[in-house]
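The residues making up each chain are set out below.
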Amino acid sequence: MKVGVFDSGIGGLTVVKSLLKHELFEEIIYFGDTARVPYGIKDKSTIIRYAIEAVEFFKDFEIDLIIVACNSVSAHALDEMREHSSCPVIGVVEAGILATANALDDKNANILVLGTNATINSKAYEIGLTNKEFKNIESKATGLFVPLVEEEIYEGEVLDATLKHYFKNLKKPDAIILGCTHFPLISKAIKNYFDDDSILIHSGDAIVEYLEDKFEFSKKYKKTKVNFFSSENTDALKNIAKKWLNK
Ligand code: DGL
């Protein structure tokens, strides 16, 4: 199995990390649109246009599946990507909704959805969770977490002040959806803010759960080959991959 992983930039590496951990694929072609990141502040039509270009990019590689690691793209452009792709396209939003439903028995549980402006404005998580009969969903756009993670700020006073800025008026959640590629890197700080016992839904783990449910994987691949591509400065992407994935 050869898979294409698409993200707006480097954040999708958190999803690659989960794919590698579960040894699902022989080869991963990663494409990050680093020249045009962030997508999370762009509007739907722009995100769709960029996402269709990503489908075109993957056409040279004969892949079996495209995984959209970017929540902002998954929330806005999955249908359009599917229309343009000859292989299946799956996204982290759908997977995150299913993972949340699997993790929570109580339909009255308090669910907090975090994401970029684009993801939160789409209401994609809210609609999906409401369809699964969850009643208490709160969504919060927390876009400042993206540049903080890119600055490798995973703890400390700047992050603490940002957490307070976003979370001070929220009720304690039973589950938190980390609806952005970058948020797993500050999951500890997010969890700590709310006293540590909320369930966290991580896009990478959710997509693995989704894949294992929908497809049959007969083989494990201990040495997945990962090829990195980006629209700008691939060396910078590879350097981050070395740090985040040891690749
Ligand atoms: N990859 C994006 C997401 O998961 C975050 C970065 C961006 O705004 O492009 O929504």
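Residues numbered from 1 in each chain as written. Predicted model: local features only at pLDDT ≥ 70, side-chain atom pairs only at ≥ 80, totals over all residues. Heavy atoms only, no water.

Quick word on the overall build of the protein
Along the backbone of the protein there are 12 helices and nine strands. Against the 2.2 N^0.38 benchmark of 18 Å for 247 residues, the protein shows a C-alpha radius of gyration of 17 Å, consistent with a compact globule. Burial statistics for the protein: of 247 residues in total, 54% are counted as buried. A fraction of 75% describes how many contacts in the protein between residues 6 or more apart in sequence connect residues 24 or more apart. Accessible surface computed for the protein: about 11500 Å², of which carbon and sulfur atoms make up 47%. Seen as two clouds, the 30 positive and the 37 negative side-chain charges of the protein have centres 2 Å apart. (Helix = DSSP H or I, 4+ residues; strand = E, 2+ residues; numbered from the N terminus. Rg over C-alpha atoms; globule rule 2.2 N^0.38 Å. Buried < 20%, exposed > 50% of the residue type's maximum accessible area, 1.4 Å probe, protein only. Contact = heavy atoms within 4.5 Å. Areas by Shrake-Rupley, 256 points an atom, 1.4 Å probe, with all protein chains shown as cover. Lys, Arg positive; Asp, Glu negative; His and termini not counted. Charge placed at Lys NZ, Arg CZ, Asp CG, Glu CD.)

Side note on the layout of surface pockets
Quantified by volume, the largest pocket comes out at close to 210 Å³. If you trace the largest pocket, you find 19 residues lining it, with P38, Y39, G40, T116 and V146 closest to the centre. Elements represented by at least two residues in the lining of the largest pocket include exactly α3 (71–76) and α8 (145–150). Of the residues contributing to the lining of the largest pocket, the split by class is eight nonpolar, 10 polar and one charged. (1 Å grid on protein atoms, 1.4 Å probe; cavity = no way out; pocket = protein on both sides within 12 Å on 5 of 7 lines; lining within 4 Å. Points joined across faces, edges and corners; volume = space filled by probe spheres on them. Nonpolar A, V, L, I, M, F, W, Y, C, P; charged D, E, K, R; others polar.)

Focus: empty space enclosed by the protein
Applying the stated rule across the entire model yields one cavity of 30 Å³ or more. Within this model, the largest cavity holds a volume of roughly 30 Å³. Contributing to the lining of the largest cavity are V113, T119, I120, K123, A124, Y125, E126 and S139. Secondary structure elements with two or more residues in the lining of the largest cavity: α6 (117–122) and α7 (124–131). When residues in the lining of the largest cavity are grouped by element, the largest group, three residues, is from α7.

Description of the sheet that holds strand β1 (residues 2–7)
Consider a sheet: its strands pair through backbone hydrogen bonds, and that pairing is either parallel or antiparallel. In spatial order, the strands read β4-β3-β1-β2-β9; together these five strands make up an open sheet with parallel pairing. Unpaired on one side and paired on the other, β4 (89–91) and β9 (225–230) mark the two borders of the sheet. The average undirected angle you get between the axes of adjacent strands in this sheet is 20 degrees. Of the strand pairs in this sheet, strand β2 (residues 27–32) and β9 are connected by six bridges, and their pairing is parallel. Following the sheet pairing, I28 is matched in β9 by V226. Contacts from helix α11 (residues 203–214) reach β3 (65–68) and β4 within the one sheet, and its direction differs from that of β4 by about 135 degrees. (Pairing = 2+ DSSP bridges. Axes fitted to C-alpha atoms, helices over the stretch in contact; angles between N-to-C directions.)

Points about the side chain of D7
Among the secondary structure elements, D7 is positioned in strand β1. No salt bridge forms around the buried D7; measuring N to O, its nearest opposite-charge neighbour K42 is 12 Å away. For D7, the side chain forms a polar contact with the main-chain nitrogen of G12, separated by 3.0 Å. D7 has contacts with G12, Y30, F31, G32, D33, A69, C70 and T181, leaving out every residue within four places of it along the chain. (Salt bridge = Lys/Arg side-chain N within 4 Å of Asp/Glu carboxyl O. Polar contact = N/O pair within 3.5 Å; in protein donor to acceptor, adjacent residues only side chain to side chain.)

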